[in-house]
Amino acid sequence: MQFQTAVIAGDGIGPEIVREAKKVLDKVAAKYQHEFCYTDVLMGGASIDVHGVPLTDEAIEACKASDAVLMGSIGGNTSTSPWYQLPPEKRPEAGLLKLRKSLNLFANLRPAYLYDELKGACPLKDEIIGDGFDMMIMRELTGGLYFGERGTVEENGILTAHDSLTYNENEIRRIAKRGFDIAMKRRKKVTSVDKANVLDSSRLWRKVVEEVAKDYPEVQYEHMLVDNCAMQLVKDPGQFDVILTENMFGDILSDEASMVTGSIGMLSSASLNDTKFGLYEPSHGSAPDIAGQDIANPIATILSAAMMLRFSFDLDEAADDIERAVKSVLAKGYRTVDIMSEGKTQVGTTQMGDLIAAEI
Ligand code: NAD
């Protein structure tokens, strides 16, 4: 089959890590007889340098015309790059926010998986790690506190600020359905996280999740309060499969979950809308401090490409193949510098890509 992918290489290490992901995808295409067609799209600093803005309407249209978007990372050194002398709406990150909004990407997925080979990098004790963990944080991305009405007023000389947290039942239902669908492709367990003992928005969240759950009798589901979830993530991370939650809770919990895996260079992510379309990118930034040195870890981007195959193209077998290839290369002892440990073989960005592609 033929698939169209818009490719945003971006800034910093972006072009290096995307190049390696494409190398692996090309190997998958040859093995499974698919055709992956790429359209290069400028966003972030790379777009500012050419067009004076971080994202053009033409770039949005090119993404919309594709089946999925594969992205490296955007942005530069926020202290020294001239991009950060521009007004906020012209800076690199404004391009990404605009793209997410234009594509209605309301569901953010961030897997947190502990590789056996990288257990040493996990900050948790061995008895807590147990057999490891493999969870998916599913975060609502376009509603809630970050998009609610807000303001700051001064009354009688006292400054008062407010932010409002609003969800309607449709916004909750669409993310809940996504969460249960994804659980069906995994270990069939959903933990819905809220603060229903205090917040009305959470009580509505819980009610709608319960309604959606009825359509998925095979999925075991539970509700958990967000404060308890934050504790459980470091007490017994192995209990989780899919964690389903609203925007701000998901922002905080996904960072906590990624920290317990111990390695930012390994973590992929996907942002989906209500079709098969998605934007796939590593969880880390553009790492301008190591750009152009052939030392960046390309694995998070390669695993993001695997998510693209799984969620946008329904090529589960090929996605499994990429994930297996990554594990195999790690098992053979190859490491980029960020995950290097004693007795292992250090390789650069290009060689890591070559090794993973060779395992496909
Ligand atoms: P960062 O994630 O880019 O880097 C943090 C640290 O992790 C750095 O020391 C970096 O060298 C290291 N690192 C990150 N990815 C790595 C990889 N693949 N291999 C090896 N080491 C890696 O975060 P930052 O320094 O806070 O941000 C740098 C720029 O990235 C900023 O402009 C920021 O706005 C941008 N950013 C973009 C995105 C995005 O595009 N979605 C996300 C986060 C940050």
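Reference entry: report on the structure contained in this document. This is a predicted model, so every value here is computed, not measured. (Residues numbered from 1 in each chain as written. Predicted model: local features only at pLDDT ≥ 70, side-chain atom pairs only at ≥ 80, totals over all residues. Heavy atoms only, no water.)

Attention shifts here to helix α4 (residues 92-102). For α4, the set of buried residues is Pro92, Gly95, Leu96 and Leu99. Summarising the axial view, the buried residues of α4 lie within an arc of 95°, below the 170-degree limit, and thus occupy one face. When the buried face of α4 is taken as reference, the exposed residues oriented beyond 90 degrees from it are Leu97 and Lys101. In this structure, the buried side of α4 is in contact with β1 (2-10), α2 (45-51), α3 (57-64), β3 (68-73) and β12 (278-282). Asn104, located one to two residues past α4, shows a positive phi value of around 55°. (Buried < 20%, exposed > 50% of the residue type's maximum accessible area, 1.4 Å probe, protein only. Helix = DSSP H or I, 4+ residues; strand = E, 2+ residues; numbered from the N terminus. Arc of directions from axis to C-beta. Contact = heavy atoms within 4.5 Å.)

On to the environment of Thr275. Turning to its location among the elements, Thr275 is positioned in the loop between β11 (268-272) and β12. Given the relative accessible area of 43%, Thr275 is considered partly exposed. Along the sequence, Thr275 and Asp67 sit 208 residues apart, while their C-alpha atoms lie 9.9 Å from each other. Separated by 2.7 Å, the side chains of Thr275 and Asn273 make a polar contact. (Polar contact = N/O pair within 3.5 Å; in protein donor to acceptor, adjacent residues only side chain to side chain.)

Okay, the packing of α3 against α4 next. Axis separation between α3 and α4 bottoms out at 11 Å; the angle between their running directions is 45°. Taken together, α3 and α4 sit at an angle that is classed as oblique. Seen along the crossing, α3 lies across α4 with a hand that is right-handed. Facing Asp57, Ile60, Cys63 and Lys64 of α3, the residues of α4 in contact are Lys98, Leu99 and Ser102. Tallied by class, residues from the contact of α3 with α4 come to three nonpolar, one polar and three charged. (Axes fitted to C-alpha atoms, helices over the stretch in contact; angles between N-to-C directions. Parallel < 35°, antiparallel > 145°, perpendicular 65-115°, else oblique. Left-handed = near helix turned anticlockwise from the far one by under 90°. Nonpolar A, V, L, I, M, F, W, Y, C, P; charged D, E, K, R; others polar.)

Glancing now at the side chain of Asp11. Within the secondary structure, Asp11 is located in the loop between β1 and α1 (14-32). Here Asp11 occupies a buried position and makes no salt bridge, while the nearest side chain of opposite charge, Arg91, is found at 13 Å. Polar side-chain contacts of Asp11 include one of 2.8 Å to the backbone nitrogen of Gly45. Here Asp11 is in contact with Met43, Gly44, Gly45, Ala46, Ser73, Ile74, Gly75, Trp83, Pro92 and Ser286, once residues within four sequence places are set aside. (Lys, Arg positive; Asp, Glu negative; His and termini not counted. Salt bridge = Lys/Arg side-chain N within 4 Å of Asp/Glu carboxyl O.)

It is worth spelling out the sheet that holds strand β8 (residues 189-194) at this point. Strand order in the open sheet made by the 10 strands is β2-β1-β3-β12-β11-β4-β5-β10-β8-β9, with mixed pairing throughout. Strand pairing shows two members of the sheet lacking a second neighbour, β2 (35-40) and β9 (220-225), which therefore form its edges. Between one strand axis and the next, the sheet turns through 25° on average, direction left out of account. Where β11 and β12 come together, five bridges link them in antiparallel fashion. Along β12, the bridge assignment pairs Ser271 with Leu279. Running at roughly 175° to β9, helix α7 (residues 200-213) makes contact with β5 (134-140), β8, β9 and β10 (242-245) of the sheet. Strands in contact with helix α9 (residues 247-261) are β4 (107-113), β5, β8 and β10; relative to β5, the strand with the most contacts, it is inclined by about 155°. (Pairing = 2+ DSSP bridges.)

In this section: the packing of aromatic side chains. In total, this model carries seven aromatic pairs according to the counting rule given. Judged by centre distance (4.7 Å) and plane angle (80°), the ring pair of Tyr113 and Tyr115 falls under edge-to-face. Overall, Tyr115 belongs to the buried group, its relative accessible area being 8%. Taking the centre distance of 6.2 Å and the plane angle of 65° together, the rings of Phe180 and Tyr221 count as edge-to-face. Linking Phe180 in helix α6 (residues 169-184) with Tyr221 in strand β9, this pair joins segments that are 41 residues apart in sequence. We classify Phe180 as buried; its relative accessible area is 0%. Following the ring pairs from residue to residue traces out a cluster consisting of Phe3, Phe36 and Phe313. Across from the ring centre of Tyr38, 4.8 Å away, lies the NZ or CZ of Lys22, which sits over that ring. (Phe/Tyr/Trp six-rings, centres within 6.5 Å; stacked < 30°, edge-to-face > 60°. Lys NZ or Arg CZ within 6 Å of the ring centre and 35° of its normal.)

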